[in-house]
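Remarks on the overall topology
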Amino acid sequence: MSVSTAAATQTICAPLPVLGRDVTVPLVTGGVVGYAALDYAASAPALQRVWDDVAAYAPYYGSVHRGAGYLSQLSTDLFENARRTVAEFLDCRADDQLVFTRSTTDSLNLLAAALPAGCQVFVFETEHHASLLPWQDARVTYLDAPRTPRQAVATLERALAGRDPHGPALVCVTGASNVTGELWPVRELAAAAHAHGARIVLDAAQLAPHHPVSVRDLDVDWVAFSGHKLYAPFGSGVLAGRADWLRAAEPYLAGGGASRKVTRRQDGGVDVEWHESAARHEAGSPNVIGAYSIASACKALTEAGFGALVAREQHLVEKVRTGLAEVPEVRILSLFGDDAPRVGVISFVVDGWNSSHFAAALSAEYGIGVRDGLFCAHPLVRTLLGSDPQTQGECGAPEAAPGEKSLNAIRVSFGAGTPDEHVDRFVTAVRELVTEGATWTYRTEDGRCVPAV
């Protein structure tokens, strides 16, 4: 695999302090309990370090780029230093360009808007919608779900061998699945892409929070990720990589900041000279706090040491997988098999339970927050669930499309801020719900399963 797990002998560190670690929530059965946030794959809690850094900067907040005042200059330096910090975190090449965006979705839509004319795009059906859907205006080839990393590489090589060899091409691939947590063979896929004259973009939304990501080592052309999954709030994302396609494309947004010079023409129109730097695609007032929070999170993870963080996460992964394996009614979803390296993202179904009902009971009766549904990766989850029967419990799943039965799964996800107690409570709760059933009654409201009043 392109990204290996930490050695078994690596020291296991304590969880990193995160916001919300002391929050309590009420239970329908009475009393309160400390909230177990096990939905990191959707949005990870902010690191306390990030929050403290942002709070220290907040009084000095000012507009960036072109402001003459001290606070504007300070904020501009902070914004551009954040760009350099994140580039270092990603081990970018010297001539790479790093654009701050709103999210992974925004980053990949930006790249899609910058594709050269006639570009062919190759993407596996297993991708999150953020990396599956932005390419629909291009010549897209959707690849079937592979069942081994080797099959993934072979599938891509066959598809690329049959492409038009004279035009540009792009491969989009995830680093770690947001459904199964499995690591993808990124370096091998990048080598296959380059061997056939194609470029590759890495969706690192689920990889960057759990493993070091090196643009150089993986040899990818671009990488995209979101701050809110990297323990940084405020809605920022990153697209980093080759500058040429970005410089040649029309600005993603037209407006102030993206333009270097604007003049009126005699015919009444305007001529615009656009920036060639990252500013070309950062029109408008940038999210300075969002960019700073990403940089702060990058520093915090680097200083904590990814080796220790990965070792601790693998300890939690084994706890969860071992605990679930002891419940015969539980089936963990996987593309590559039990031995595949993975991050702290695990999806499963429970025989006799609708997943929406099960997730609602975990929340209402145990104070555990997980995710249920198709996880914005509908083709992948449907492939993994296949024709398994979906037993309706007391509470149904969201309505299915006409002619399609209701399919959904449960996802538990965790990371650098997760204490052992949270995963222990989760495993115990799963066992009790399966063997004893829910103690409360539930109903469907607006497509969601909720406790009945």
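Refer to the structure printed above.
Procedures and definitions
Residues numbered from 1 in each chain as written. Predicted model: local features only at pLDDT ≥ 70, side-chain atom pairs only at ≥ 80, totals over all residues. Heavy atoms only, no water. Helix = DSSP H or I, 4+ residues; strand = E, 2+ residues; numbered from the N terminus. Rg over C-alpha atoms; globule rule 2.2 N^0.38 Å. Areas by Shrake-Rupley, 256 points an atom, 1.4 Å probe, with all protein chains shown as cover. Disulfide = S-S within 2.5 Å. Buried < 20%, exposed > 50% of the residue type's maximum accessible area, 1.4 Å probe, protein only. Salt bridge = Lys/Arg side-chain N within 4 Å of Asp/Glu carboxyl O. Axes fitted to C-alpha atoms, helices over the stretch in contact; angles between N-to-C directions. Parallel < 35°, antiparallel > 145°, perpendicular 65-115°, else oblique. Left-handed = near helix turned anticlockwise from the far one by under 90°. Contact = heavy atoms within 4.5 Å. Pairing = 2+ DSSP bridges. Core = buried A, V, L, I, M, F, W, Y, C linked by side-chain atoms within 4.5 Å. Arc of directions from axis to C-beta.

What follows is about the overall build of the protein chain. Each helix and strand counted, the protein chain has 13 helices and 19 strands in total. For the protein chain, the C-alpha radius of gyration of 23 Å lies close to 22 Å, the compact-globule estimate for 453 residues. When the accessible surface of the protein chain is totalled, it reaches about 18,900 Å², and 51% of it is carbon and sulfur.

This structure, assessed with the given rule, holds 0 disulfides. Of all cysteine sulfurs, the one in Cys119 lies closest to Cys172, which takes part in no disulfide; the gap is 11 Å. Judged by its relative accessible area of 0%, Cys172 is buried. No disulfide involves Cys298; its sulfur sits 10 Å from the nearest other cysteine sulfur, which is in Cys92.

This part covers the pattern of salt bridges. As enumerated under the stated definition, the model contains 23 salt bridges in all. Glu303 is paired through a salt bridge with Arg49; the nearest N and O atoms lie 2.9 Å apart. Note that Glu303 is positioned in helix α9 (residues 288-304) and Arg49 in helix α1 (residues 48-57), a separation of 254 residues in sequence. Among the residues examined, Arg49 registers a relative accessible area of 30% and is labelled partly exposed. We note a salt bridge from Asp424 to Lys319, for which the minimum N-O separation is 2.9 Å. Separated by 105 residues along the polypeptide, Asp424 in helix α13 (residues 420-436) and Lys319 in helix α10 (residues 306-325) bring together distant segments of the chain. Among the ionic contacts, a cluster of salt bridges with common partners joins Arg312, Lys319, Asp420 and Asp424.

So, about the packing of α1 against α9. As a packed pair, α1 and α9 sit with axes 9 Å apart at the nearest point and diverge in direction by 135 degrees. As judged from the angle between their axes, α1 and α9 are oblique. Note that α1 runs across α9; the crossing there is right-handed. The segment α1 lies against α9, with Arg49, Val50, Asp53, Val54 and Tyr57 engaging Val288, Ile289, Tyr292, Ser293, Ser296, Ala297, Lys299, Ala300 and Glu303.

With that settled, consider the sheet that holds strand β14 (residues 345-350). As summarised here, the arrangement of the 4 strands in space is β13-β14-β17-β16, forming an open sheet in which the pairing is antiparallel. Strands with a single pairing partner mark the edges of an open sheet, and in this sheet they are β13 (330-332) and β16 (371-373). Direction aside, the axes of adjacent strands within the sheet are offset by 30 degrees on average.

Once that is clear, we can look at the environment of Ala300. Residue placement: Ala300 occurs in helix α9. Given a relative accessible area of 9%, Ala300 falls into the buried group. Considered as a pair, Ala300 and Trp135 are 165 residues apart in the sequence and their alpha carbons are 34 Å apart. Those residues within four positions of Ala300 in sequence are excluded, and the remaining contacts are Leu47 and Arg49.

Glancing now at the nonpolar core. Soluble globular proteins tend to pack their nonpolar side chains together in the buried interior. One finds Val86, Leu90, Leu156, Leu202, Phe225, Leu230 and Val238 to be the most contacted residues of the largest nonpolar core, which totals 86 residues. If sequence neighbours within four positions are ignored, Val238 has contacts with Val86, Leu90, Leu98, Val99, Phe100, Thr101, Ser107, Val223, Ala224, Phe225 and Ile294.

Within the open sheet, the 7 strands sit side by side as β4-β10-β9-β8-β7-β5-β6. Their pairing is mixed. Each of the sheet's edge strands pairs with one partner strand only, and the pair in question is β4 (97-101) and β6 (139-143). The mean angle between the axes of side-by-side strands here comes to 20 degrees, regardless of whether they run parallel or antiparallel. Where strand β5 (residues 120-124) meets β6, 5 bridges bridge the pair, whose relative direction is parallel. In the strand pairing of β6, Gln120 is matched with Arg139. In the packing of helix α5 (residues 149-161) onto the sheet, contacts are made with β5, β6 and β7 (169-174), and the angle to β5 comes to roughly 160 degrees.

Of note, the phi angle at Tyr231 is positive, near 65 degrees, even though the residue is not glycine. Relative to the assigned elements, Tyr231 resides in the loop between β9 (222-226) and β10 (237-241). Overall, the relative accessible area of 0% leaves Tyr231 in the buried class.

Attention now moves to α1. For α1, the full list of buried residues reads Val50, Val54 and Tyr57. Angular distribution of buried residues about the axis of α1 spans 65 degrees; they occupy a single face of the element. Where the residues of α1 are buried, they touch α2 (70-89) and α9.

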